[in-house]
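Overview (structure and organization)
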Amino acid sequence: MSTAVQLSKQFKREMVTAFRQPGDALAPVVFYLIIGTLFPLALGSDPRLLTQIGPGAIWIAALLAMLLSLHRLFRPDLDNGYLEQLLLMPCPLFLLIAARLLAQWLQTALPLLLATPLLAEGFGLSAGLLPVLLCSLLLGTPVLLCVGAINEALTLASRGGALLALLVLPLYVPTLVFGSGAVYAVSFGESPAGHLSLLAALSLFTAMFAPVTIAAALRISID
């Protein structure tokens, strides 16, 4: 069986599994909307305050929603034995991991992007800020996913959910800074190109090296 066919089957399996368990797939976007709604409720109805904190609050909500979905990446396959089968397949493991990450992004990050205009409206963000916010999330969510997936693979054997969160959160700081900074730059009349370029570089870097790193971490965890 060719590598392309195996990758196609792996991607199809991930998408079909998500459709068979819609609750798990919808949980992150529901959580995203809840967190994004709680900020305006807790801070009051001051339009200026909501506009000031809006980009940062939306990015924090996206981070927490992505963290919520990480448990579905490898844990079920470890419990049912499918992870060992992946290691034995002739197709390189890092390519199978890349297909899984792509499917995970489509299941988790894409719904977040579609729900973002609702949160932007709740924070009173102007129409001119929404495209930059969506672009920053489009570039930044792959970083959130890949970094979290690396830590999930490293802590798979120890079942350290709390440890995972502690390891991941500091690594997300640059992504949060550049992502929200792009929106704030537009609100201040500046160009967001620098922030978006750095986000794109981070996304490209993690997309290139995360599958290889995750594959090595999974082998270590299983051994």
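Look a little higher up for the structure.
Read on for a plain summary of the structure.

1. A closer look at the overall build of the protein
The helix and strand inventory of the protein stands at 10 helices and zero strands. When the elements of the protein are put in sequence order from the N terminus, they spell out α-α-α-α-α-α-α-α-α-α. Over its C-alpha atoms the protein spans a radius of gyration of 18 Å, differing by no more than 12% from the 17 Å that the globule rule assigns to 223 residues. Its C-alpha atoms put the protein at 55 × 35 × 30 Å along the principal axes. Among the 223 residues that make up the protein, the fraction classed as buried is 45%. Taking all contacts inside the protein whose residues are at least 6 apart in sequence as the whole, residues at least 24 apart take part in 81%. Counting only carbon and sulfur atoms, one obtains 72% of the accessible surface of the protein, whose full area is about 10700 Å². The averaged location of the 10 negative side-chain charges in the protein is 9 Å from the averaged location of its 10 positive side-chain charges.

2. Considerations on the side chain of Thr-175
Relative to the helices and strands, Thr-175 resides in helix α9 (residues 173–187). Ignoring sequence-local partners within four residues, the contact set of Thr-175 consists of Trp-59, Gly-140, Val-143, Leu-144, Leu-199 and Leu-202.

3. Here's the deal with the nonpolar core
By size, the foremost hydrophobic cluster in this structure holds 58 residues, and its most contacted members are Tyr-32, Ile-58, Phe-74, Leu-133, Leu-137, Ile-214 and Leu-218. The set of elements that each furnish at least two residues to this core consists of α2 (22–43), α3 (47–68), α5 (82–88), α6 (93–122), α7 (130–154), α9 and α10 (193–222). When residues of this core are assigned to their parent elements, the largest contribution, 11 residues, is made by α6. Ignoring anything within four residues of it in the chain, the contact list for Leu-218 reads Phe-74, Leu-83, Ile-97, Ala-153 and Leu-156.

4. Here we look at the layout of surface pockets
In this model, the largest pocket occupies a volume close to 280 Å³. Taken together, 16 residues line the largest pocket, and the ones lying closest to its centre are Glu-14, Thr-17, Gln-21, Arg-72 and Pro-76. Mapped by element, the contributors of at least two residues to the lining of the largest pocket are α1 (3–20), α4 (75–80) and α6. Considering each element in turn, the lining of the largest pocket owes the most residues, four residues, to α1. In terms of residue class, the lining of the largest pocket is built from four nonpolar, six polar and six charged.

5. Things to note about the packing of aromatic side chains
Here the structure, examined in full by the defined rule, presents one aromatic pair. Judged by centre distance (4.8 Å) and plane angle (45°), the ring pair of Phe-205 and Phe-209 falls under tilted. In this pair, Phe-205 and Phe-209 both sit in helix α10, four residues apart, roughly one turn of the helix. By relative accessible area, Phe-205 is classed as partly exposed at 49%.

6. A look at α7
For α7, spanning 25 residues, the distance from its first C-alpha to its last is 36 Å, which sits close to the expected 36 Å at 1.5 Å a residue. The sharpest bend along α7 reaches about 30° and sits at Gly-140, with the proline Pro-142 one to four residues further on.

7. Digging into α9
An α-helical turn contains 3.6 residues, so a residue and the one three or four places further along point in the same direction. A rise of 1.5 Å per residue sets the reference length of α9, with its 15 residues, at 21 Å; its end C-alpha atoms lie 21 Å apart and thus fit the reference within 8%. Of all the bends found along α9, the most pronounced is centred on Gly-181 and spans about 25°. Inspection of α9 places Thr-175, Leu-176, Gly-179, Ser-180, Gly-181, Ala-182, Val-183 and Ala-185 among the buried residues, and these make up the whole buried set. In this structure, the buried residues of α9 make contact with α3, α7 and α10. Among the residues trailing α9, Gly-189 stands out with phi positive, at a value near 80°.

8. Here's the deal with the environment of Thr-155
For Thr-155, the location among the structural elements is in the loop between α7 and α8 (161–171). Given the relative accessible area of 5%, Thr-155 is considered buried. In the structure, Thr-155 is positioned 75 residues away from Asn-80 in sequence and 18 Å away in space, judged by C-alpha atoms.

Thresholds applied
- Residues numbered from 1 in each chain as written.
- Predicted model: local features only at pLDDT ≥ 70, side-chain atom pairs only at ≥ 80, totals over all residues.
- Heavy atoms only, no water.
- Helix = DSSP H or I, 4+ residues; strand = E, 2+ residues; numbered from the N terminus.
- Rg over C-alpha atoms; globule rule 2.2 N^0.38 Å.
- Buried < 20%, exposed > 50% of the residue type's maximum accessible area, 1.4 Å probe, protein only.
- Contact = heavy atoms within 4.5 Å.
- Areas by Shrake-Rupley, 256 points an atom, 1.4 Å probe, with all protein chains shown as cover.
- Lys, Arg positive; Asp, Glu negative; His and termini not counted.
- Charge placed at Lys NZ, Arg CZ, Asp CG, Glu CD.
- Core = buried A, V, L, I, M, F, W, Y, C linked by side-chain atoms within 4.5 Å.
- 1 Å grid on protein atoms, 1.4 Å probe; cavity = no way out; pocket = protein on both sides within 12 Å on 5 of 7 lines; lining within 4 Å.
- Points joined across faces, edges and corners; volume = space filled by probe spheres on them.
- Nonpolar A, V, L, I, M, F, W, Y, C, P; charged D, E, K, R; others polar.
- Phe/Tyr/Trp six-rings, centres within 6.5 Å; stacked < 30°, edge-to-face > 60°.
- Expected span 1.5 Å × (residues − 1).
- Bend = angle between axes of the 7 residues up to and from the residue.

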